[in-house]
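# Structural overview
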Amino acid sequence: MNIGIIGAGYVGMTTSVAFAKYGHTVFVIDHDQDKINQLNQSILPFYEEGIENLLNELVKEGKLFFITNLEECIDQCDILFITVGTPSSKEGVANLSFVEAAAKEIASRIKTDQVIMMKSTVPVGTSRKIKEMIRKEVEKRTEDISFELVSNPEFLREGKALFDALYPERIVVGCETEKARRKMEELYKDFNSPILFTTLEDAEMIKYAANSFLATKISFMNELARLCDKVGANINQVAKGMGMDSRIGPQFLQAGIGFGGSCFPKDIKALLALANVEEAPLHILQAVSNVNQTQVNWFMEKMEQQLSGLSKKRIAILGLTFKPETDDIREASSLKVIDFLLRRNASIIAFDPKGIEHVKKIYPSIHYTSNPYEALKGAEAVLLVTEWKEIVEVDWESAKDIVAQPFIFDGRNALDPATMENLGYRYVGIGIGN
Ligand code: UDX
């Protein structure tokens, strides 16, 4: 099939390479000429393992094209994806202006029997409204045009996005006609993944519900970790014991210094805002958000107490991105950590394999280093914020000789407490009773 993908962001690009890899011809459309120029040289505007190489191959094979104008490819497309951003407004409501602009552009050029796919994460009810909006625009035209609108949310994890796009655990398709359903089966026939067909609203809600539920598991564990600390229990062992129950499962029970990223915080805010408007409050989700908002402070206060104050202390922050294997710092816990330390007048040196350039734009005055040992030199305390391999696998034995004080605060419970203590460190984790 020929596919047009509007929006060359993270989701758009990952989706594009996956469809092209499965043999479809993909046109990526973005108004940003610089971005398109870069993509034409196989340069991605973000870091994600494996995508740049595959993109290069697919361009050479003539499966992937980058253009700035929908008009150039619309005649050839069977399916048009909307993959533009839906950032949070101040009130947490999803900003739909990019989605609406893309829909307008499609409406003015759409040909009969084309399918429009909503892949951007949009509040429940949006796809139907957008469909109505396009229908009204299309009616202004003289030709008789029939089109379909399908909701097809994405479930990509950053750092593993290519794998998730190529081998999805499930494909959720909200569609309303048999004709659209058959097209979807054809589109996804080589993916070998189960397809769940639903209504537009169900598909939209599944996306928010899945992310909210995963975040609920994390906040539950993070809150429980605070209690574990008080009563001398170890949250890691508790998670292990809970996860062995197949009804609970072992994933997303890892306590830490809070979740971040481009999805969980934004999607939770948007779902809470929708619940508010609909006067159907989501008390559990509100608590999930509250726990996450206070998690960094809880750990930092513990650090402050154990170090008897932070003023003028040299603190090494290890890890800035919201999780390993990405350069994304959106809603990263490291930003709240830096804020806290700056308020306490601490001296900061930060290491991260991929995130430094982005954080530097927000905090130009702190020190950065691309070598973890440089950060550890003279540190009076080490704070692990992101469990990058490069950080977990530091040679902690020799590192002990370069730190000023062997004091480590592990915000991801990524290191083994007994090993660290045997090496002579004072180790403080999340919810392990110390
Ligand atoms: C998430 C969803 O997993 C994905 O399906 C959706 O499409 C987008 O949002 P992502 O944001 O890339 O993906 O990261 P994820 O691996 O889910 O982690 C999110 C945050 O939760 C990270 O900050 C991570 O450190 C934290 N986390 C995750 C925990 O604190 N504990 C865990 O057990 C798991």
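Given the structure is predicted, the values throughout are model-derived calculations rather than measurements.

Calculation rules
Residues numbered from 1 in each chain as written. Predicted model: local features only at pLDDT ≥ 70, side-chain atom pairs only at ≥ 80, totals over all residues. Heavy atoms only, no water. Salt bridge = Lys/Arg side-chain N within 4 Å of Asp/Glu carboxyl O. Helix = DSSP H or I, 4+ residues; strand = E, 2+ residues; numbered from the N terminus. Buried < 20%, exposed > 50% of the residue type's maximum accessible area, 1.4 Å probe, protein only. Disulfide = S-S within 2.5 Å. Domains from an automatic or database assignment. Contact = heavy atoms within 4.5 Å. Buried area = accessible area lost by both parts, 1.4 Å probe. Polar contact = N/O pair within 3.5 Å; in protein donor to acceptor, adjacent residues only side chain to side chain. Nonpolar A, V, L, I, M, F, W, Y, C, P; charged D, E, K, R; others polar.

### Focus on the pattern of salt bridges
One pass over the full model with this rule turns up 25 salt bridges. A salt bridge links R135 to E139; the shortest N-O distance between them is 2.3 Å. Residue R135 and its partner E139 are both found in helix 5 (residues 126-139); the two are separated by four residues, about one turn of the helix. Salt-bridge contacts for E393 lead to K389; the nearest nitrogen and oxygen are separated by 3.6 Å. The exposed category is assigned to E393, whose relative accessible area is 53%. Salt bridges sharing common partners tie together R128, K131, E176 and E201.

### Description of the state of the cysteines
Under the counting rule described, the total for this entry stands at zero disulfides. C77 takes part in no disulfide bond, and the closest cysteine sulfur, belonging to C73, lies 4.0 Å away. Note on C77: relative accessible area 4%, which makes it buried. Counting only cysteine sulfurs, C77 is the nearest neighbor of C175, a cysteine outside any disulfide, at a range of 19 Å. Using a relative accessible area of 13% as the deciding quantity, one classes C175 as buried.

### A few points about the domain arrangement of the chain
The domain boundaries assigned to the chain delineate domain 1 (2-198) and domain 2 (212-428). Its C-alpha centre places domain 1 at a distance of 34 Å from the equivalent point of domain 2. Domain 1 puts 14 residues into the contact, and the matching count from domain 2 is 15 residues. Summed over both sides, the interface of domain 1 with domain 2 buries roughly 1200 Å², with 53% coming from carbon and sulfur. At the junction of domain 1 with domain 2, the criterion picks out one salt bridge. Between E158 and R330 there is a salt bridge, with its nearest N and O atoms 4.0 Å apart. Our count for the domain 1 to domain 2 interface comes out at six residue pairs in polar contact (both at pLDDT 80 or more). For the side of domain 1 that touches domain 2, the class distribution of residues is six nonpolar, five polar and three charged.

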